Amino acid sequence: MKLLPQEVIRTKRDGGQVAGHDLEMFVQGMMDRSVTEAQVAAFGMAVFFQGMTMEETVALTGAMTRSGTVLDWDEQDLTGPVLDKHSTGGVGDVVSLMLAPLIAACGGFVPMISGRGLGHTGGTLDKLESIPGYDVAPGIPAFQGIVREAGCAIIGQTPELAPADRMFYAVRDVTATVESIPLITASILSKKLAAGLHGLVMDVKTGSGAFMSRAEDAGKLARTIVDVARGAGLPAVALVTDMDQPLAPCAGNALEVMETVRYLTGESRDARLHEAVMALGTEMLMLGGLAPDADHARSLLGHALDSGAAADRFARMVALSGGPADFVERYASSLAEAGTVIPVKATMHGFVRRMDARQLGMAVVRLGGGRTRPQDDVDHAVGLSSVVRVGTRVEPGDPLALVHARNREQGQAVADMVSRAVTIGPEPCEAESLILRRVG
């Protein structure tokens, strides 16, 4: 019997449950254009207000996964599990660049499908494109070859993988329905399932710099993603993590790539950032059966870092993706520099008590390092570095951050934004714990 899209919309609009077969047909209609863009928008709005049951969300996720190619890694003769990590996004969140080669060095294979930044959140693809020659759209055969050779590859969503998600997200983006938890879940997991994973670890962020600022909402999203992933046959764990300050002590594309190389080579490792990498990496190794417990996992991760194996995997991934073969050794001369560096100075003595992480992310956007529309260009060189940590004692004149700008006028305007985003008080304080909750 022919599907009537308006009946699917009506059922969901009135709070009913849509059958899995009808959701499958609706997604197929999106692909063959028998379901119009207006009907997709109406369905998205109905879901936004009425929600979806677990069964509906699993069915929608599966239908979107099957709308394109689903990768099969059996033909690649891989010697370990296929694992991935996904973050809901934040400021200074450079963990993906560190974690993919680190897991590869521990015996896993990481085919990571990432996105671009929008608004105050940075994008992994934008960071990688600050590396000269790095190709974020190599095509599926090349993508699989890089994963096989380097153990990891990070690319953008290809037209073949979950194309229904690309179509649906474009409609949601212009109809104010992005924030629906079932639709967020289906969007994330359809891409991950299409990548043929054996396990997924989610980093769901909450706080001033997160997409979901309320911990309650972040916890609900984490629970939904884990349950739907398992319902679709994908083992998953989620960590809810704090984003009330930048995760790395920097924000901006080339600056975060510099932080990645310094971290992997041991040149410098920020304690809070290291905690995030180790916590997520530990979950990935246990989920993939590469470590029997957390202590063993952390030992493997530490050895991969200290031996240089993780840095070597990153170098191989960059070279195989079109970047410089000697990037790790010569990263400082390979990455663009903004030219003007302005310190943001404390005006009083005391302790850094709070940060508006979203405002710091918008400062990078103001410099040109982010975008407010998908079609905006990005300046890879600009951003913030040496960002002070919550709890740090400061005196007048101490730097709170360094602004990397194209000119002094622009840099000074952003320096004022950064100064307003940092709250200093007389009493000592400690930062919020990084790992707020584990869902699994």
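So, here is what we can say about the structure in this document. (Residues numbered from 1 in each chain as written. Predicted model: local features only at pLDDT ≥ 70, side-chain atom pairs only at ≥ 80, totals over all residues. Heavy atoms only, no water.)

## Observations regarding the nonpolar core
One finds Ile-131, Phe-314, Phe-327, Val-403 and Val-418 to be the most contacted residues of the largest nonpolar core, which totals 126 residues. For Ile-131, the contacting residues outside a window of four places in its chain are Val-257, Phe-314, Val-318, Gly-323, Pro-324, Phe-327 and Leu-335. Grouped together as the second largest cluster of nonpolar side chains are 24 residues, Leu-3, Leu-23, Val-40 and Ala-41 included. (Core = buried A, V, L, I, M, F, W, Y, C linked by side-chain atoms within 4.5 Å. Buried < 20%, exposed > 50% of the residue type's maximum accessible area, 1.4 Å probe, protein only. Contact = heavy atoms within 4.5 Å.)

## Structural notes on the side chain of Thr-241
Take Thr-241: it is sitting in strand 5 (residues 236–242). Classification of Thr-241 as buried rests on a relative accessible area of 3%. A distance of 2.6 Å separates polar atoms of two side chains, one belonging to Thr-241 and the other to Asp-203. At 3.2 Å, the side chain of Thr-241 forms a polar contact with the side chain of Lys-205. (Helix = DSSP H or I, 4+ residues; strand = E, 2+ residues; numbered from the N terminus. Polar contact = N/O pair within 3.5 Å; in protein donor to acceptor, adjacent residues only side chain to side chain.)

## Things to note about the pattern of salt bridges
As enumerated under the stated definition, the model contains 25 salt bridges in all. As a salt-bridge pair, Asp-165 and Lys-191 come within 3.0 Å of each other at their nearest N and O atoms. Here the residue Asp-165 occupies a position in helix 8 (residues 163–173), and Lys-191 occupies one in helix 9 (residues 181–194), the gap between them amounting to 26 residues. Of the two residues examined, Asp-165 and Lys-191, each falls in the buried class. Within this structure, Arg-116, Asp-126, Glu-129 and Arg-371 form a network of salt bridges that share partners. (Salt bridge = Lys/Arg side-chain N within 4 Å of Asp/Glu carboxyl O.)

## So, the layout of surface pockets
For the largest pocket, the calculated volume is near 1600 Å³. The wall of the largest pocket is formed by 49 residues, among which Gly-115, Arg-116, Gly-117, Leu-118 and Tyr-169 lie closest to the centre. When contributions to the lining of the largest pocket are tallied by element, the ones reaching two or more residues are strand 1 (83–87), strand 2 (110–114), helix 6 (124–128), helix 8 and helix 9. (1 Å grid on protein atoms, 1.4 Å probe; cavity = no way out; pocket = protein on both sides within 12 Å on 5 of 7 lines; lining within 4 Å. Points joined across faces, edges and corners; volume = space filled by probe spheres on them.)

## Topic: unusual backbone geometry
The phi angle at Arg-33 is positive, at roughly 70 degrees, despite the residue not being glycine. Mapped onto the fold, Arg-33 is located in the loop between helix 2 (20–32) and helix 3 (37–50). A relative accessible area of 60% means that Arg-33 is categorised as exposed. With a phi close to 50 degrees, Ser-386 is a non-glycine residue in the positive phi region. Relative to the elements of secondary structure, Ser-386 occurs in the loop between strand 8 (383–385) and strand 9 (393–394). For Ser-386, a relative accessible area of 46% corresponds to the partly exposed category.

## Some thoughts on the packing of helix 16 (residues 357–367) against helix 17 (residues 408–421)
Relative orientation of the contacting elements helix 16 and helix 17 amounts to 175 degrees, with a least axis distance of 9 Å. As the angle between them shows, helix 16 and helix 17 are arranged roughly antiparallel. On the side of helix 16, the interface is formed by Gln-359, Leu-360, Met-362, Ala-363, Arg-366 and Leu-367, while helix 17 contributes Gln-410, Ala-413, Val-414, Met-417, Val-418 and Ala-421. A breakdown of the residues in the contact of helix 16 with helix 17 according to their chemical character gives nine nonpolar, two polar and one charged. (Axes fitted to C-alpha atoms, helices over the stretch in contact; angles between N-to-C directions. Parallel < 35°, antiparallel > 145°, perpendicular 65-115°, else oblique. Nonpolar A, V, L, I, M, F, W, Y, C, P; charged D, E, K, R; others polar.)

So yeah, pure geometry; function would need other evidence.
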